[in-house]
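Analysis of the macromolecular model
The chain contents come next:
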Amino acid sequence: MKIKFFDLGFKEAVALLALSVVALTLLLVYNMATYAMPAIQKFGLHFLSTTTWDPVKEIFGALPFIYGTIISSALALLIAVPVSLGIAIYLAELAPAWIREPLSFLIELLAAIPSVVYGLWGIFVLAPFLRQDVQPFLAKYFGFLPLFQGNFYGVGMLTAGIILSIMIIPTISSVSREVFLVVPFSQREAALALGATRWETIRLGVLKYARAGILGAVILGMGRALGETMAVTMVIGNRPEISASLFAPSYTMASVIANEFTEATGDLFLSALIEIGLVLFFVTLVLNIAARALIWQVSGKMKGEIRE
Amino acid sequence: MNIYKKRQIVNKLMCALAFLCAIFTLVPLISIFGYVLSKGITSINLDFFINLPKPVGEPGGGMGNAIVGTIILIGLSCLWAIPVGVFGGVYLAEFGNNKLAATVRFTADVLNGIPSIVIGVFAYTLFVLPMKSFSAVSGAFALGIIMIPTIMRTTEEMLRMVPRTLREAALALGISQFRMIVSIALKTALPGILTGILLAIARIAGETAPLLFTAFGNSFWHQSLGQPIAALPLQIFAYAISPFDDWHRQAWAGAFVLIFIVFLISFISRFIIGLRYKFPASR
Amino acid sequence: MEERVRILDLNAYFGNIQALKNINIAVKEKMVTAIIGPSGCGKSTFIRCINRLHEVVPGAKVSGKVLLDGRDIYSSGIDSIEIRQKIGMVFQKPNPFPVLSIYDNVAAGLKLNGIKKKDYLDEIVEQALRMCALWDEVKDKLNASGVSLSGGQQQRLCIARALAVKPEVILFDEPCSALDPISTGKIEELLFQLRQKYTIIIVTHNMQQAARVSDYTAFFLMGELIEFGKTQDIFTKPEDTRTEAYITGRFG
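About the thresholds
Residues numbered from 1 in each chain as written. Chains lettered and ligands numbered in written order. Predicted model: local features only at pLDDT ≥ 70, side-chain atom pairs only at ≥ 80, totals over all residues. Helix = DSSP H or I, 4+ residues; strand = E, 2+ residues; numbered from the N terminus. Buried ≥ 20, exposed ≤ 12 C-beta atoms within 10 Å, placed from the backbone. Rg over C-alpha atoms; globule rule 2.2 N^0.38 Å. Contact = placed C-beta atoms within 7 Å. Pairing = 2+ DSSP bridges. Axes fitted to C-alpha atoms, helices over the stretch in contact; angles between N-to-C directions. Parallel < 35°, antiparallel > 145°, perpendicular 65-115°, else oblique. Left-handed = near helix turned anticlockwise from the far one by under 90°. Nonpolar A, V, L, I, M, F, W, Y, C, P; charged D, E, K, R; others polar. Core = buried A, V, L, I, M, F, W, Y, C linked by C-beta atoms within 7 Å. Domains from an automatic or database assignment. pLDDT = per-residue confidence, 0-100. Expected span 1.5 Å × (residues − 1). Bend = angle between axes of the 7 residues up to and from the residue.

Focus: the overall build of chain A
- From N to C terminus, chain A includes 11 helices and 2 strands.
- The N-to-C order of helical and strand elements in chain A reads α-β-β-α-α-α-α-α-α-α-α-α-α.
- Its C-alpha atoms give chain A principal-axis dimensions of roughly 80 × 70 × 35 Å.
- Of all 308 residues assigned to chain A, the portion counted as buried reaches 54%.

Considering the overall build of chain B
- On a plain count of helices and strands, chain B comes out with 10 helices and 0 strands.
- For chain B, the succession of helices and strands along the chain, N to C, is α-α-α-α-α-α-α-α-α-α.
- A compact globule built from 283 residues would reach a C-alpha radius of gyration of about 19 Å, whereas chain B, at 24 Å, exceeds it by more than 25%.
- Structurally, chain B occupies a C-alpha span of about 75 × 70 × 35 Å along its principal axes.
- For chain B, buried positions account for 51% of its 283 residues.
- Across chain B, the fraction of contacts at a sequence separation of at least 24, relative to all contacts at a separation of at least 6, is 74%.

Notes on the sheet that holds strand β2 (residues 17-28) of chain C
- Pairing is antiparallel across the open sheet formed by 4 strands, whose spatial order is β2-β1-β4-β5 (chain C). Of all strands in the sheet, those with a lone pairing partner are β2 and β5 (71-72) of chain C, marking the two edges.

A look at the packing of helix α3 (residues 97-112) of chain A against helix α1 (residues 2-41) of chain B
- Here α3 of chain A crosses α1 of chain B at 45 degrees, and the two axes come no closer than 10 Å. Taken together, the axes of α3 of chain A and α1 of chain B are oblique relative to one another. Here α3 of chain A and α1 of chain B pass one another in a crossing that is left-handed. Seen from α3 of chain A, the contacting residues are Leu103, Leu106, Ile107, Leu109 and Leu110 of chain A; seen from α1 of chain B, they are Ala22, Thr25, Leu26 and Leu29 of chain B.

Regarding the interface of chain C and chain A
- Across the boundary between the two partners, chain C contributes 19 residues, which contact 15 residues of chain A.
- The set of elements that each furnish at least two residues to the side of chain C that touches chain A consists of α2 (80-86), β6 (87-90) and α3 (102-112) of chain C.
- For the side of chain C that touches chain A, the leading source of residues is α2 of chain C, giving 4 residues.
- A per-class count over the side of chain C that touches chain A returns 11 nonpolar, 5 polar and 3 charged.

What to know about the packing of helix α5 (residues 157-182) of chain A against helix α8 (residues 211-227) of chain A
All names here are of chain A.
- The N-to-C vectors of α5 and α8 enclose an angle of 155 degrees; their axes lie 8 Å apart at closest approach. Considered as vectors, α5 and α8 are oriented roughly antiparallel to each other. Crossing geometry of α5 relative to α8 is assigned as right-handed. Of the residues in α8, those touching α5 at Leu164, Ile168, Thr171, Ile172, Val175, Ser176 and Val179 are Gly213, Ile214, Ala217, Val218, Leu220, Gly221, Arg224 and Ala225.
- In terms of residue class, the contact of α5 with α8 is made up of 10 nonpolar, 4 polar and 1 charged.

Concerning helix α10 (residues 253-260) of chain A
- Burial runs high along α10 of chain A: 7 of the 8 residues are buried.
- Within the sequence span of α10 of chain A, burial applies to Met253, Ala254, Ser255, Val256, Ile257, Ala258 and Glu260 of chain A.

Section: the nonpolar core
- Core analysis: the largest hydrophobic core is formed by 196 residues, its most contacted members being Val117, Ile163 and Val235 of chain A together with Ile236 and Ala255 of chain B.
- It is helix α2 (residues 63-94) of chain A that provides the largest number of residues to this core, a total of 16 residues.
- Two domains each provide a minimum of three residues to this core, namely domain 1 (2-41) and domain 2 (60-278) of chain B.
- Discounting chain neighbours no more than four positions away, the residues touching isoleucine 236 of chain B are Val116 and Leu120 of chain A together with Ala251, Gly254, Ala255 and Leu258 of chain B.
- Counting residues in hydrophobic clusters, the runner-up holds 85 residues, among them Leu68, Leu110, Val125 and Ile170 of chain C.

Section: the interface of chain B and chain A
- Tallying the contact residues gives 73 residues for chain B and 69 residues for chain A.
- Contributing elements (two or more residues each) for the side of chain B that touches chain A: α1, α3 (64-95), α4 (99-113), α5 (116-131), α6 (136-160), α8 (177-205), α9 (232-240) and α10 (245-278) of chain B.
- At 20 residues, α1 of chain B tops the list of elements feeding residues into the side of chain B that touches chain A.
- Among the residues making up the side of chain B that touches chain A, the classes are represented as 51 nonpolar, 16 polar and 6 charged.

Structural notes on unusual backbone geometry
- The backbone of glutamate 58 of chain A shows a phi angle near 60 degrees, a positive value even though the residue is not glycine.
- Despite not being glycine, glutamate 174 of chain C has its phi angle at roughly 45 degrees, a positive value.
- Topologically, glutamate 174 of chain C is positioned in the loop between β7 (169-173) and α7 (181-194).
- Judged by C-beta crowding, with 20 C-beta atoms within 10 Å, glutamate 174 of chain C ranks as buried.

Thoughts on the domain arrangement of chain B
All names here are of chain B.
- By the assigned domains, chain B splits into domain 1 (2-41) and domain 2 (60-278).
- Each of domain 1 and domain 2 has a C-alpha centre, and the two are 34 Å apart.
- Contacts between domain 1 and domain 2 engage 5 residues on the former and 5 residues on the latter.
- Grouping the amino acids of the side of domain 1 that touches domain 2 by side-chain chemistry returns 3 nonpolar, 1 polar and 1 charged.

Describing the pairing of β2 of chain C
All names here are of chain C.
- Across 8 bridges, strand β1 (residues 3-14) lies against β2 in antiparallel orientation. Bridge assignment links glutamate 3 to a residue of β2, and that residue is lysine 28.
- Remark: 2 residues form the turn of the hairpin made by β1 and β2, two consecutive strands paired antiparallel; glycine 15 in that turn has positive phi of roughly 65 degrees.

Describing the sheet that holds strand β10 (residues 224-230) of chain C
Residue and element names in this part refer to chain C.
- What the 6 strands build is an open sheet, ordered β6-β7-β8-β3-β9-β10; its pairing is mixed. Two strands close off the open sheet at either side, each with one partner strand: β6 and β10. The average angle at which neighbouring strand axes cross in this sheet is 20 degrees, direction not considered.
- Strand direction decides the pairing type here: β6 and β7, joined by 4 bridges, are parallel. Residue pairing across strands places glycine 88 opposite isoleucine 170, the latter belonging to β7.

Topic: the confidence of the model for chain B
All names here are of chain B.
- Per-chain confidence: chain B averages 88 in pLDDT, with 96% of residues scoring 70 or above.
- Predicted confidence for residues 278-283 stays below pLDDT 50, and this span has 2 contacts to residues more than four positions away or in other chains.
- Here the predicted complex scores 0.87 on pTM and 0.89 on ipTM.

Some words on helix α4 (residues 115-142) of chain A
- Between the first and last C-alpha of α4 of chain A there are merely 31 Å, a value that for 28 residues lags more than 12% behind the 40 Å anticipated at 1.5 Å per step.
- In the structure, α4 of chain A departs most strongly from a straight axis at glycine 122 of chain A, where the bend amounts to approximately 50 degrees.

See below:
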């Protein structure tokens, strides 16, 4: 009888624990919405289009942070997507068997490095390198573009974009690689039989077939980049200004929360920061769902197991 | 044969480019490891491990409390995240072919994709505001949320891999489902589940953002769970952005220790999973 | 009748396993040559050696010569991609490119070669589709996806794709085994038309099909060529007892 009792309660008990996950998530949304409400009510939609961030006058506009987040992530994707595809193609289609394991292991290592260590390296290695070697070069030869004008300090949008790209490369390349492996071999054979070279076979038989999945991988990477906090905070300069130049310092949504949360004087200030967090939450939510739908399209089943 | 030569050249070029991408990505990896190793190892000494942070200028400062703090935070997080994650995974694997389970899985994926700073904000609203204080508890709550999706997913996967025949044999012997799951399925899947837990721990050991306004950091040894507590990543962050060379030096040392811990845990987890395949599940 | 393809002392390996042993065959021009034999006898490996597709498998090796119009396709001066254009292939399961339209599927090989002129492409695509008796069925939906067609139509699409690059020899690897009888009939009709212009080698596990469509037949067993001759002769008066045993269904 004791056994039966346990049996009866057991299923319900584990179900309850599983449901707690759902409860927690709902609570998260509820809490954040509640605390963000003062700011939402006060600023409405203008919150997303105002550039003023004045804690003293209690006027808060999130545009500089939205701008900083978008541009740094866009820059990161610009660099990371081609490189990640190159890696995925190399590992899935070109590399000899003995290189695959060690090389993919090393690239996975990049994903295991904590964000704060990236930031540390960014401040003391990447930023000086950019300031001394790269940015002068860019200013000299490409200074006619507004992208590369103005003073450079090493820290700024460019540095943040570069560090973000390194951090999302493992994500995009490993998901892409898994998608490539799902492409049936008959597709490659079809291209080969037409006389395609190795690269043409990959282009025609693999990339085209997998393009929805590749897009999914890219969107996953994008979601990652948008939410990345520490490394970006440490190298972006943390100035809420909108500038066309990549050399200029900037500020992202995650960074402003990280930096100013504990200094927030007044409820409205805190509320504005939490509202920014809410925006971040919904944006990453939408991106994650879109990414999974796309990947599922190619692989035919919910790849919840794809490591991110 | 002009067109063929041209296509072959493009072919060789693109293949070389793909190879270069892979190699090029190793550069930052080597750079980061190189700097952390070289700059960190020179600053590691006994002081570092057993001393508290000292004001600038005073020699012999360390991160002893931060290391202990991280261990405490990990322990606390595991305390609540492991039961929820493992048993949640049990539910999904054993009873989970319905809409409810699908919702749980979806939600776990959502939770997994939330930026960790947002989770920190959540923990702040739930714990720090009512308690009117930063605390280890709030930090452990935030870290636990980050752990749960990974543990749940791995547990479910590993349980599903337990052969059906094993389960049916147990049930046919008259063992109740509860005992079957606990004594047999879980035991069989244990190495894989452990791996999932260790990987989750490796991930949260390095997390900084969610601790910024929950655990908050502390210059002293841990006193009470309801008080702010130091953590290794927080200390590294604080020192890195400071203007003092000595603190920078210690930041590298901290990074060295942190990376060492994270990779040690990862390797142990791989080792466990390796053992699993050497000694198959059937006994 | 001239011979188009001559295979000399062909040996093929998968790593250490030998799949083909000393094959010698002369394939006549504008004839259909069928390759028959039980599963695992090496038929698919054999034709994959003819368009150099076998060497793509990791660890695969080939020795011997395959002469196309007198030139050894394995000699160092010759590029495999050139060979694969001259010797086309149609696979067991239809494999059109799903992301490409019907038009683009047929034009795929041409575009690889840098041919861009729309008029020229239009002409060749229509020609190829007409030859496969597919033109009337798809001419109004050339932009539809390649996989929107039925199985039989997809296979004909793959044949059109192979024809578009104007090969000299076409290899068929059990092209009907995934199709229903009606589609199979259509493809066999097609083969009959095609042999007026192309040299065809078809692998089939269906002996009746071999008897229906081919002029010459080769019987393979365990990697060796047992017998080769006119189809009529092979099926009515086979010389080797093993051939006879296979044809009369004593093993398969």
